[in-house]
There are 2 protein chains.
Amino acid sequence: VKGKRTGFEENSCAVARSLGIIGDWWSLLIIRDALSGKRRFSEFQKHLGLAKNILSARLAKLVDQGIMKQVPAADGSAYRDYVLTEKGEKLYLVIAALWQWGEEFCFSPGEAKPFIVDAVNDEALAPLELRTTSGRSVGPRGYKPMTEKAKAGM
Amino acid sequence: VKGKRTGFEENSCAVARSLGIIGDWWSLLIIRDALSGKRRFSEFQKHLGLAKNILSARLAKLVDQGIMKQVPAADGSAYRDYVLTEKGEKLYLVIAALWQWGEEFCFSPGEAKPFIVDAVNDEALAPLELRTTSGRSVGPRGYKPMTEKAKAGM
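As the structure is a prediction and not an experimental result, all values here were calculated from the model.

Caption draft 1: Focus on the side chain of A:Thr85. Residues and elements named next belong to chain A. Inspection of the secondary structure puts Thr-85 in the loop between strand 2 (80-84) and helix 6 (86-89). On the accessibility criterion, Thr-85 (16% relative accessible area) is buried. A distance of 2.6 Å separates the side chain of Thr-85 from the backbone oxygen of Gly-66, its partner in a polar contact. When sequence neighbours within four positions are dropped, the list of residues in contact with Thr-85 reads Gly-66, Ile-67, Met-68 and Lys-69.

Written as structure tokens, this is what we have:
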């Protein structure tokens with residue numbers, strides 16, 4: 001799905017807009033790899049097994065959208081590294097939601113699967129929960145969109 | 001990105017596997033619409049502005065992956081409705097993560113944007129937070145994957 005074709009970037013729905021701005025599945029996997037510390041074109045390329053022209057286009061879009069930025073190589077070489085901006089780092093919650101959903105539903109019983117654990121002391125992570133600001137748990141049907149206009153009129 | 005081409009469904013990474021099983025951006029928007037109560041082919045088609053053959057293929061994949069199921073039409077007509085399974089409903093956390101990220105980063109100042117609010121009393125929703133089971137907050141770089149094998153060996 002190309003942003004150009006769908007115009008997702010201009011969509012009034014924040015979900016569609018986010019998807020349009022991120023790019024595609026590959027973009028999310030690049031972000032996942034960047035979160036795990038990969039920085040160099042060749043590292044992404046090797047880990048994702050992605051054609052160079054496709055990786056190059058995805059990285060360019062991520063930079064263009066302010067999700068990643070290019071910085072001088074950490075090792076002082078002439079290469080440029082790709083690192084996440086704050087905007088890009090915040091996508092870790094999308095990655096975590098996909099990861100937890102996959103863990104719960106997408107592995108066969110007995111199949112070896114990775115778990116997310118805390119990096120500090122290997123503590124297990126709690127499932128993400130959607131809550132109201134007062135702390136009440138919100139289920140799959142428990143929320144609705146509201147426009148700023150409607151909000152202001154309340 | 002076709003699952004067939006990438007083999008994401010068999011990937012050992014739960015993120016990649018989730019993406020492969022979901023399908024593509026359109027699939028997530030179909031799930032978003034289903035969460036908001038849409039059930040009929042024509043409703044999805046109209047709301048997404050998606051070509052019928054593409055919508056048909058996406059719905060078939062969602063059913064095939066156990067994310068949606070077909071049920072007799074709620075109005076007693078001969079149509080079949082598409083509803084989310086429990087597995088599908090749980091994707092609301094992915095949708096919510098995308099929504100909150102979009103709200104925070106993808107709208108211009110002053111641009112009208114929708115907010116997610118609680119359906120019961122219009123209370124604002126708190127940003128999703130990744131936490132350890134003991135409740136410690138986990139940031140973008142605060143987690144790591146661990147295989148079951150490594151876990152068992154601890």
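Caption draft 2: Local environment of unusual backbone geometry. Residues and elements named next belong to chain A. With a phi close to 60°, Asp-122 is a non-glycine residue in the positive phi region. Inspection of the secondary structure assignment puts Asp-122 in the loop between strand 3 (114-118) and strand 4 (143-147). The partly exposed category is assigned to Asp-122, whose relative accessible area is 24%.

Caption draft 3: Layout of the side chain of A:Arg40. Here A:Arg40 is to be found in the loop between helix 3 (25-35) and helix 4 (41-48). Of note is the side chain of A:Arg40, whose polar atom sits 3.3 Å from the side chain of A:Asp81.

Caption draft 4: Quick look at the interface of chain A and chain B. With 86 residues of chain A in contact, the opposing surface of chain B contributes 86 residues. Buried area between chain A and chain B, both sides added, is near 8200 Å², and the carbon and sulfur share of it is 66%. Summed over the shared surface of chain A and chain B, the number is twelve salt bridges. Across the contact surface, chain A and chain B share 46 residue pairs in polar contact (both at pLDDT 80 or more).

Caption draft 5: Structural view of helix 7 (residues 92-105) of chain A. Its 14 residues place the ends of helix 7 of chain A 20 Å apart at the C-alpha level, agreeing with the 20 Å of an ideal helix rising 1.5 Å per residue. Within helix 7 of chain A, 13 of the 14 residues are buried, leaving the element largely enclosed by the surrounding structure.

Caption draft 6: Representation of the nonpolar core within the structure. Formed by 90 residues in total, the largest nonpolar core has its most connected members in A:Ile31, A:Met68, A:Tyr143, B:Ile31, B:Ile67, B:Met68 and B:Tyr143. In this structure, A:Ile31 is in contact with A:Ile22, A:Leu62, A:Ile67, A:Leu84, A:Gly88, A:Leu91 and A:Ile95, ignoring residues within four places of it in sequence.

Caption draft 7: A look at the pairing of strand 2 (residues 80-84) of chain B. Residue and element names in this part refer to chain B. Of all five residues in strand 2, four are buried, a share of seventy percent or more. Where strand 1 (residues 68-72) meets strand 2, five bridges bridge the pair, whose relative direction is antiparallel. In the sheet register, Lys-69 faces strand 2, and the bridge partner there is Val-83.

Caption draft 8: Seen up close, the relation of the copies chain A and chain B. Overlaying chain A on chain B yields an RMSD of 0.0 Å, the required transformation being a rotation through 180° with an accompanying axial translation of 0.0 Å. In short, the pair behaves as if placed about a two-fold rotation axis. The position closest to the rotation axis in chain A is occupied by the C-alpha of A:Val94, lying 2.9 Å away.

Reading guide: rules and limits
- Residues numbered from 1 in each chain as written.
- Chains lettered and ligands numbered in written order.
- Predicted model: local features only at pLDDT ≥ 70, side-chain atom pairs only at ≥ 80, totals over all residues.
- Heavy atoms only, no water.
- Helix = DSSP H or I, 4+ residues; strand = E, 2+ residues; numbered from the N terminus.
- Buried < 20%, exposed > 50% of the residue type's maximum accessible area, 1.4 Å probe, protein only.
- Polar contact = N/O pair within 3.5 Å; in protein donor to acceptor, adjacent residues only side chain to side chain.
- Contact = heavy atoms within 4.5 Å.
- Buried area = accessible area lost by both parts, 1.4 Å probe.
- Salt bridge = Lys/Arg side-chain N within 4 Å of Asp/Glu carboxyl O.
- Expected span 1.5 Å × (residues − 1).
- Core = buried A, V, L, I, M, F, W, Y, C linked by side-chain atoms within 4.5 Å.
- Pairing = 2+ DSSP bridges.
- Least-squares fit on C-alpha atoms with pLDDT ≥ 70 in both.

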